[in-house]
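Inside the fold
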Amino acid sequence: MSNWVKACFEKYPQLNSATLLIAQYWNDEARDEVHEHYVFSVLETPDLEAAFKAKWSAKDPINLLGLNHQTVMKAFWEWREKSEIYWDSQGAAIPAFVAFCKEGSHQCMDISEAYSPYAILRRKGQEIEVEVVGSLLRWWLNGIKPGNWYYYY
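Below you will find a few notes about this structure. Counting of residues starts from 1 at the beginning of each chain's written sequence and follows it residue by residue. The model is predicted, so local features are restricted to residues of pLDDT at least 70 and side-chain atom pairs to those at 80 or more, both for listing and for counting; the totals for chains, interfaces and linings are taken over all residues. For the side-chain quantities, the full set of heavy atoms in the structure was used; hydrogens and water were omitted.

1. As for the overall build of the protein
Helix and strand assignments come from DSSP, with helices taken as H or I runs of at least 4 residues and strands as E runs of at least 2, each series counted from the N terminus. From N to C terminus, the protein includes five helices and four strands. Each helix and strand of the protein, placed in order from N terminus to C terminus, yields the pattern α-β-β-α-α-α-α-β-β. The contacts in the protein between residues at least 6 apart in sequence include a share of 62% that link residues at least 24 apart. Surface exposure here means Shrake-Rupley accessible area, sampled with a 1.4 Å probe, where a residue is shielded only by the protein chains that are shown. Summing over all exposed atoms, the protein offers an accessible surface of approximately 8400 Å²; the carbon and sulfur share of this is 53%. Contact definition: two residues touch when any of their heavy atoms are within 4.5 Å.

2. Some remarks on the packing of aromatic side chains
A ring pair, where both rings are aromatic, is described by two values, the distance of the centres and the angle of the planes. Pairing of aromatic rings covers Phe, Tyr and the six-membered ring of Trp, with a centre-to-centre limit of 6.5 Å; geometry is then stacked below 30 degrees between planes, edge-to-face above 60, and tilted otherwise. Inspection of every chain in the model, using the stated rule, returns six aromatic pairs. With a centroid separation of 6.4 Å and an interplanar angle of 85°, the aromatic rings of Phe9 and Phe40 are classed as edge-to-face. With Phe9 in helix α1 (residues 2-11) and Phe40 in strand β2 (residues 32-41), this pair connects stretches of sequence that are 31 residues apart. When the centroid spacing of 5.8 Å and the interplanar angle of 90° are considered together, the rings of Trp139 and Trp140 count as edge-to-face. A simple rule labels every residue: compare its accessible area, found with a 1.4 Å probe on the protein chains alone, to the largest value its type can have, and call it buried under 20%, exposed over 50%, or partly exposed in between. Its relative accessible area of 63% is what places Trp139 among the exposed residues.

3. Considering unusual backbone geometry
Located in the positive-phi region is Leu65, a residue other than glycine, with phi close to 30°. Position of Leu65 among the secondary structure elements: in the loop between α2 (48-54) and α3 (69-82). With a relative accessible area of 59%, Leu65 lands in the exposed category.

4. Points about the pairing of β2
Judged by how many residues are buried, β2 sits mostly within the fold: ten of ten residues are covered. Both faces of β2 are covered, namely the face carrying Asp32, Val34, Glu36, Tyr38 and Phe40 and the face carrying Glu33, His35, His37, Val39 and Ser41. Relative to β2, strand β1 (residues 17-26) runs antiparallel, the two sharing ten bridges. Following the sheet pairing, Tyr25 is matched in β2 by Glu33. Two strands qualify as a pair provided DSSP detects at least 2 bridges between them.

5. Looking at the side chain of Ser17
Of note, Ser17 is situated in strand β1. Using a relative accessible area of 0% as the deciding quantity, one classes Ser17 as buried.

6. Some points on the packing of α1 against α3
Axis lines are fitted through C-alpha atoms, for helices just across the contact stretch, and the angle between N-to-C directions can take any value from 0 to 180 degrees. Look at α1 against α3: their axes get within 9 Å of each other, and the N-to-C directions meet at 130°. Considering their axes alone, α1 and α3 lie oblique with respect to each other. Crossing of α1 against α3: the hand is right-handed. Where α1 abuts α3, its residues Asn3, Trp4, Val5, Ala7, Cys8 and Lys11 lie against Val72, Ala75, Phe76, Trp79 and Arg80. Each residue gets one of three labels, nonpolar for Ala, Val, Leu, Ile, Met, Phe, Trp, Tyr, Cys and Pro, charged for Asp, Glu, Lys and Arg, and polar for the others, Gly among them. A per-class count over the contact of α1 with α3 returns eight nonpolar, one polar and two charged. Oblique is the label for any angle not covered by the other classes, which are roughly parallel (under 35 degrees), roughly antiparallel (over 145) and roughly perpendicular (65 to 115). When the near helix sits turned anticlockwise from the far one by under a right angle, the crossing is termed left-handed; a clockwise turn instead gives a right-handed crossing.

7. Describing the sheet that holds β1
Ordered by their spatial adjacency, four strands build an open sheet running β2-β1-β3-β4, and the pairing between neighbours is antiparallel. Since the sheet does not close on itself, it has two edges, and those belong to β2 and β4 (127-132), each with one partner. Averaged over all adjacent pairs, the angle separating strand axes in this sheet is 25°, with direction ignored. Pairing of strand β3 (residues 116-124) with β4, which is carried by six bridges, proceeds in the antiparallel orientation. Pairing of Leu121 across the sheet is with Val130, part of β4.

Encoded structure:
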């Protein structure tokens, strides 16, 4: 994930940070997944309230200062699709992150309601510093194995 963020930082040198948000809910394939979303920012730490207030519109005057949210995310997703690394939402992401996700989220909820911050990725010269900020919200799901995790709901 830090390589994906690093690619965006390289394309948009004014960006300094990104927050990884995570949520667990059923997808359109009727399978549970751990989903991810990113908030990019020119600030040292993204202002999540400002991002949520902007509602992912083209402009977020606090975090993106003239950059377009859709353009930044398009670059992020294009680089990510070319990457050999991927977010395994129905597999490895479940034991890694499900315990840090809010209970009872669903795909019709706003990102601000369904998602929780897990990590802040910051530009540090040519490197990316990762600060884990997630809280263990459902300790009983911590480290659950893919394939049998649903028995614990």
